[in-house]
Amino acid sequence: MDLSLTTRTEGERTVVEVGGEIDVYTAPKLRETIVSLVDAGNHHLVMDLEKVEFLDSTGLGVLVGGLKRARTNEGSLALVCTQERLLKIFRITGLDKVFDIHDNVASAI
């Protein structure tokens, strides 16, 4: 499975719709997207993970790195996720307390 990324702007937020698998093979593509968005001045990101089918530790690392990069630039990185299998990963790792996790894009904005 590949990784699909679609980016759009909603107000002051940049929404990145992520689909497919975020793993050791596809995570660099996601990292590259986050870095280029923040470097271009898009400091408030919303990562829509509703179409993500798989997330491994490399993918978690990219999301944490993205959050740090956004915060370094006085920004934010929120997640949209309702899938129990992904939410469980965030709970087990304690990242549910680090990330702002929302049920939909509207509430994340």
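This text goes with the structure placed above it.
Everything quoted here is computed from the prediction, not taken from an experiment.

Novice: Outline the pairing of strand β4 (residues 76–80), listing residues and values.
Specialist: With four of five residues buried, β4 is to be regarded as a mostly interior element. In this structure, strand β3 (residues 44–55) lies alongside β4, joined through five bridges in parallel fashion. Bridge pairing in β4 places D48 opposite V80. For the crossover from β3 across helix α2 (residues 57–72) to β4, the handedness is right-handed. Alignment of β4 against strand β5 (residues 100–102), held across three bridges, turns out to be parallel. Bridged to V80 within β5 is H102. Following the backbone out of β4, through helix α3 (residues 84–93) and into the adjacent parallel β5, one traces a crossover that is right-handed.

Novice: So what's going on with the nonpolar core? Which residues, and what values?
Specialist: Looking at soluble globular proteins, one finds that nonpolar side chains tend to be buried together. Grouped together as the largest cluster of nonpolar side chains are 27 residues, with contacts concentrated most on V18, I22, L30, M47, L49 and F90. Mapped onto this core, the elements with two or more residues apiece are β2 (13–22), α1 (27–39), β3, α2, β4 and α3. Each residue touching I22, except ones within four places of it in the same chain, is listed here: L3, A27, L30, L49, V52, F54, L55, D56 and G59. Membership of the second largest hydrophobic core comes to six residues, among which are V15, V46, A78 and V80.

Novice: Describe the pairing of β2, naming the residues involved and giving the relevant values.
Specialist: β2 sits mainly inside the fold: seven of its 10 residues count as buried. Counting the residues in the hairpin turn of strand β1 (residues 3–10) and β2 gives two residues, including G11, whose phi is positive at 65°. Where β2 and β3 come together, eight bridges link them in parallel fashion. Within β3, the position partnered with G19 by the bridge is K51.

Novice: Just give me the short version of the sheet that holds β2, but keep the residues and values in it.
Specialist: Strand order in the open sheet formed by five strands is β1-β2-β3-β4-β5, and the pairing between neighbours is mixed. The outermost strands of the open sheet, each flanked by one partner alone, are β1 and β5. Recorded for the sheet is a direction-independent mean angle of 25° between the axes of neighbouring strands. α1 contacts β1, β2 and β3 of the sheet and is inclined by roughly 20° relative to β1. The strands touched by α3 within the sheet are β3, β4 and β5, with β3 carrying the most contacts at an inclination of about 115°.

Novice: Account for unusual backbone geometry, naming residues and giving values.
Specialist: Unlike most non-glycine residues, E74 shows phi in positive territory, near 60°. As for its placement among the helices and strands, E74 is situated in the loop between α2 and β4. Residue E74 is classed as exposed on the basis of its relative accessible area of 71%.

Each value, and the rule that gives it
- Residues numbered from 1 in each chain as written.
- Predicted model: local features only at pLDDT ≥ 70, side-chain atom pairs only at ≥ 80, totals over all residues.
- Heavy atoms only, no water.
- Buried < 20%, exposed > 50% of the residue type's maximum accessible area, 1.4 Å probe, protein only.
- Helix = DSSP H or I, 4+ residues; strand = E, 2+ residues; numbered from the N terminus.
- Pairing = 2+ DSSP bridges.
- Right-handed = clockwise from strand over helix to strand, strands pointing away.
- Core = buried A, V, L, I, M, F, W, Y, C linked by side-chain atoms within 4.5 Å.
- Contact = heavy atoms within 4.5 Å.
- Axes fitted to C-alpha atoms, helices over the stretch in contact; angles between N-to-C directions.

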